[in-house]
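Observations on the three-dimensional arrangement
Residue strings, one per chain:
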Amino acid sequence: MTLQEAHARLSAITAAIHPGLSSGEVLRLQNDLLELVEDLPATVEFDATSEALGAIAGQLNGLLPLAVFDELRSRTAILGAAVSILDKVSNEAAADARTLRFEQPQFVAAGLRNGLALAQQLRQAAKLGDLDAVTQNSEALLAVLTALRDKVKIG
């Protein structure tokens, strides 16, 4: 179970809470909450949530006092905020991963294509004895290689 799934289940439970619940509805919600607590993974990410829900579940007996409803709703809101932060961090990490996977290899591939084209032009200029073109192509090739080195942080 993910934190998002736990939040969705808890949100569904708290959304069903209202002052006019019958004893059967209260019992069903109590069971739903206890099942959620039991289903939470025993990992550090879920410790605070599990402890809070366990404490609330322990307070549930017979009629649910409004204070327990309010505390449960408050915990749901706190969990919702944590889920939002987790989603944001996850999205940023995914964007960083895409950057690492796509942008850098594309930059390197373009640099290699440009470098090869410049090397061919350099060779042709050398064959023709055109020293100005040799110098220009050498400098351009050096600039491409330097940019590649800097982008992939070599040396």
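Heads up: the structure comes first, above all this text.
Right, let's walk through the structure included here. (Residues numbered from 1 in each chain as written. Predicted model: local features only at pLDDT ≥ 70, side-chain atom pairs only at ≥ 80, totals over all residues. Heavy atoms only, no water.)

**With respect to the overall build of the protein chain**
When you go through the protein chain residue by residue, the secondary structure sums to five helices and zero strands. If you list the helices and strands of the protein chain from N to C, you get α-α-α-α-α. Burial analysis of the protein chain (155 residues in total) assigns 26% to the buried set. Summarising the internal contacts of the protein chain: among those between residues at least 6 apart in sequence, 60% fall at separations of at least 24. About 10,000 Å² of surface is accessible on the protein chain, with carbon and sulfur atoms providing 59% of the total. (Helix = DSSP H or I, 4+ residues; strand = E, 2+ residues; numbered from the N terminus. Buried < 20%, exposed > 50% of the residue type's maximum accessible area, 1.4 Å probe, protein only. Contact = heavy atoms within 4.5 Å. Areas by Shrake-Rupley, 256 points an atom, 1.4 Å probe, with all protein chains shown as cover.)

**Describing the side chain of N137**
By the secondary structure assignment, N137 is in helix 5 (residues 131–152). A distance of 3.4 Å separates a polar atom in the side chain of N137 from the backbone oxygen of Q121. Those residues within four positions of N137 in sequence are excluded, and the remaining contacts are L118, Q121, L122 and A125. (Polar contact = N/O pair within 3.5 Å; in protein donor to acceptor, adjacent residues only side chain to side chain.)

Without other data, these values stay purely geometric and don't point to any function.
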